[in-house]
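Chain and residue survey
Spelled out, the chains give:
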Number of protein chains: 4
Amino acid sequence: MLNRAVLLGRLTKDPEMRYTPSGTAVTTFTLAIDRRMTNQQGERETDFLPIVVWSKLAELCAQYLKKGQQAAVEGRIQVRNYENKEGRRVYVTEIVAENVQFLSGGQGQGGEPSYAGGFDKPASSFGGSGGGGRSRDSFNDNPFADDQKPIDISDDDLPF
Amino acid sequence: MLNRAVLLGRLTKDPEMRYTPSGTAVTTFTLAIDRRMTNQQGERETDFLPIVVWSKLAELCAQYLKKGQQAAVEGRIQVRNYENKEGRRVYVTEIVAENVQFLSGGQGQGGEPSYAGGFDKPASSFGGSGGGGRSRDSFNDNPFADDQKPIDISDDDLPF
Amino acid sequence: MLNRAVLLGRLTKDPEMRYTPSGTAVTTFTLAIDRRMTNQQGERETDFLPIVVWSKLAELCAQYLKKGQQAAVEGRIQVRNYENKEGRRVYVTEIVAENVQFLSGGQGQGGEPSYAGGFDKPASSFGGSGGGGRSRDSFNDNPFADDQKPIDISDDDLPF
Amino acid sequence: MLNRAVLLGRLTKDPEMRYTPSGTAVTTFTLAIDRRMTNQQGERETDFLPIVVWSKLAELCAQYLKKGQQAAVEGRIQVRNYENKEGRRVYVTEIVAENVQFLSGGQGQGGEPSYAGGFDKPASSFGGSGGGGRSRDSFNDNPFADDQKPIDISDDDLPF
DNA sequence: TTTT
DNA sequence: TTTT
């Protein structure tokens, strides 16, 4: 059903990129988004929202985004849950980015603000390595991001 | 900064409405949002997203929404954190609804699909009780929802 | 860059589906969206927004949507311009839908509210006819909807 | 009903601010939004979307936004129609901004990227002048932007 | 923990 | 746990 989020904030740290066993890139970062508006009195409040990016877009984010920079993120809200070491079920809410807009505004790395759209290339350069069975990368068969399946990734695979 | 979410799903239960000590209505419910699309094979996956609604809109939601019904919600993503009984800091992500669209589709309570916009009346019917100091309800002075401040509500006040 | 619209309204008529010469389905309809909110006095005001849908999603919309039904549309705002018969340049603003949610609520055609996501199948069933040159359908090579190119469709091709 | 747009682009010119007879500020500008994404071949395509801003937010936009700067706009899509000099009914689609995020990135006016939220002050500083009857400014009674009524503004009032 |  |  309909599940859409659009965010604009600053990275609290450099992004972290990892690869799933099958070779898909996954990048995560946190966006700090001020709740208060300009010229408003009162203590500033901030929401810190975790962002997850997959595939080619993950590599672009890892390459171009830096701590302190502004970015606009478009995606869907996802609730993952897993069992932690103490056997408790933990729920994690994060935004799965389908598009990311790089806005400079960091500490001088300057450059052109630019856009990294979702899945603009077949993304077939990823994975590889082979391995039998239905590869986890098979979600690339359907490049529409809503169809990504980080779901059946075992706990060890999780890069965050 | 920019923080916007638009969701469409079904209520997993009837909404729950409570009042803060100062008399502001707060309604909460969970929206079940299927990730999979129509005619797509494979097991269905669902995100369960907690929704919070304040003030007059809270009362309308409590009155008209029922378990199983469809609703469209527009708002912002918020991360609350509090210390639980074990002294651990717990983070809760929820969507603070500014607009809610009632879509029937439940088990026959029928009626007209209708809309409950944000703060369409001065909402002055709330609170009251008076008392000195800056009332927690003072956020009603600025009816623009981004300005709501559930933030400084003490733990005991929290209705969920 | 970022260009996102989310709409929820009712179809003013049954959708119209046509095919481009190369065989891509294009469906158009208008969504009536009330500006006023429930329980608000005053004359109701309505925006009528033209929606365009391509490819497999176009076929699903043509098949399942009917006049009077509610639908949620997610897409981007596009401004097309063309020269009309009098030699005047005309600008048309429309929403290119990437996802459509079917919500019943029409005059009893009932059925399951369902979702038609963007590009969930390779959509390779379209087009055909072959022919040389760069087929207009080649946008299907990149299934991400932002990449669709209705732009270079000649005036005669336009199905609306 | 639900009608939400989120845009990120660059101003094609400096904004233009005018006042309605009753003293409400109205600012208009056009946002150029590239359709193509970074690193994609092919001619760049751009949508030019007209933005309308009212009240205090209009003044902030006129003051801080300049040609070439980036801005994020959140609002609703509106279709106005009026009769032109030749007696033809003309339809104008524009985005009524409820929030605007100023992102630098122009030609060096630098400064802090900042946010101008909707209606954060009662905006009562506008209008004035008095005059009998229901002032056009009365929409300020309900500061929620969905409630703005540019609709009954006569043609002469239109600042664009 | 969940809705259809 | 955090960004400006």
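Residues numbered from 1 in each chain as written. Chains lettered and ligands numbered in written order. Predicted model: local features only at pLDDT ≥ 70, side-chain atom pairs only at ≥ 80, totals over all residues. Heavy atoms only, no water.

Okay, the overall build of chain A next. Secondary structure summary: chain A contains one helix and seven strands in total. Ordered by position from the N terminus, the helices and strands of chain A form the series β-β-β-β-α-β-β-β. Sequence separation of 24 or more characterises 61% of the internal contacts of chain A that already satisfy a separation of 6 or more. Surface exposure of chain A reaches about 6600 Å², of which carbon and sulfur atoms provide 48%. (Helix = DSSP H or I, 4+ residues; strand = E, 2+ residues; numbered from the N terminus. Contact = heavy atoms within 4.5 Å. Areas by Shrake-Rupley, 256 points an atom, 1.4 Å probe, with all protein chains shown as cover.)

Glancing now at the packing of aromatic side chains. All names here are of chain A. The tally for this structure, following the rule as stated, stands at four aromatic pairs over all chains. Considering the side-chain rings of tyrosine 64 and phenylalanine 102, the 5.9 Å spacing of their centres and the 45° angle between planes classify their relative orientation as tilted. Here the residue tyrosine 64 occupies a position in helix H1 (residues 55–64), and phenylalanine 102 occupies one in strand S6 (residues 89–103), the gap between them amounting to 38 residues. Taking relative accessible area as the criterion, tyrosine 64 reaches 40% and is therefore assigned partly exposed. (Phe/Tyr/Trp six-rings, centres within 6.5 Å; stacked < 30°, edge-to-face > 60°. Buried < 20%, exposed > 50% of the residue type's maximum accessible area, 1.4 Å probe, protein only.)

Turning our attention to the side chain of Glu94(B). Position of Glu94(B) among the secondary structure elements: in strand S6 (residues 89–103). Looking at Glu94(B), its side chain comes within polar contact range of the side chain of Arg80(B), at 2.5 Å. (Polar contact = N/O pair within 3.5 Å; in protein donor to acceptor, adjacent residues only side chain to side chain.)

Oppositely charged side chains are able to pair whenever their charged atoms sit close together. All names here are of chain B. Taken as a whole and judged by the stated rule, the model has 32 salt bridges over all chains. Between arginine 4 and glutamate 98 there is a salt bridge whose closest N-O contact spans 2.9 Å. Highlighted residues: arginine 4 in strand S1 (residues 3–11) and glutamate 98 in strand S6, separated in sequence by 94 residues. Each member of the pair, arginine 4 as well as glutamate 98, is classed as buried. (Salt bridge = Lys/Arg side-chain N within 4 Å of Asp/Glu carboxyl O.)

Another aspect to go through is the protein's contact with DNA strand E. In the neighbourhood of DNA strand E, 14 residues make up the surrounding shell, with Tyr91(A), Arg10(B), Thr12(B), Thr46(B) and Phe48(B) lying closest. A share of 45% is what sugar and phosphate atoms reach among the atoms of DNA strand E within 4 Å of the protein. Within the contact set of DNA strand E, a phosphate oxygen lies 2.8 Å away from a side-chain nitrogen or oxygen of Tyr91(A). Contact distances for DNA strand E include 3.4 Å between a base oxygen and a side-chain N or O atom of Lys13(B). For the surface near DNA strand E, the elements supplying multiple residues, two or more each, are S6 of chain A together with S1, strand S3 (25–34) and strand S4 (46–54) of chain B. (Near = heavy atom within 4 Å.)

On to a positive patch on the surface, then. Residues Lys85(A), Arg88(A), Lys85(B) and Arg88(B) make up a contiguous surface patch of positive charge. One can find Lys85(A) in the loop between strand S5 (70–83) and S6. You can call Lys85(A) exposed: its relative accessible area is 74%. (Patch = residues over 30% accessible without salt bridge, like charges linked within 9 Å, V, L, I, M, F, W, Y side chains within 5 Å. Lys, Arg positive; Asp, Glu negative; His and termini not counted. Charge placed at Lys NZ, Arg CZ, Asp CG, Glu CD.)

Inspection of the region around DNA strand F gives 14 residues, with Arg10(A), Thr46(A), Phe48(A), Arg89(B) and Tyr91(B) positioned closest. Those atoms of DNA strand F that come within 4 Å of the protein belong to sugar or phosphate at a rate of 45%. In the environment of DNA strand F, a base oxygen lies 2.9 Å from a nitrogen or oxygen atom belonging to the side chain of Thr46(A). Tyr91(B) is positioned with one of its side-chain polar atoms (N or O) 2.5 Å from a phosphate oxygen of DNA strand F. Of all the elements in the fold, those that place two or more residues in the surface near DNA strand F are strand S1 (3–11), strand S3 (25–34) and strand S4 (46–54) of chain A together with S6 of chain B. Broken down by element, the residue count for the surface near DNA strand F peaks at three residues, all from S3(A). Tallied by class, residues from the surface near DNA strand F come to four nonpolar, four polar and six charged. (Nonpolar A, V, L, I, M, F, W, Y, C, P; charged D, E, K, R; others polar.)

Moving on to the environment of Gly87(A). Mapped onto the elements, Gly87(A) comes out in the loop between S5 and S6. A relative accessible area of 39% means that Gly87(A) is categorised as partly exposed.

Residues and elements named next belong to chain D. In terms of burial, strand S6 (residues 89–103) is a largely internal element, 12 of the 15 residues being buried. By the bridge criterion, 14 bridges tie strand S5 (residues 70–83) to S6 in an arrangement that is antiparallel. Bridge pairing links glutamate 74 to asparagine 99 in S6. Between S5 and S6, which pair antiparallel one after the other, the connecting turn spans five residues, and glycine 87 there sits at a positive phi close to 75°. (Pairing = 2+ DSSP bridges.)

Residues and elements named next belong to chain A. Mapped onto the fold, valine 90 is located in strand S6. A residue is classified by how much of its surface remains accessible, and valine 90, at 22% relative accessible area, is partly exposed. Along the chain, valine 90 and leucine 60 lie 30 residues apart, while their C-alpha atoms are 30 Å from each other. Each residue touching valine 90, except ones within four places of it in the same chain, is listed here: Arg80, Asn81, Tyr82 and Asn84.

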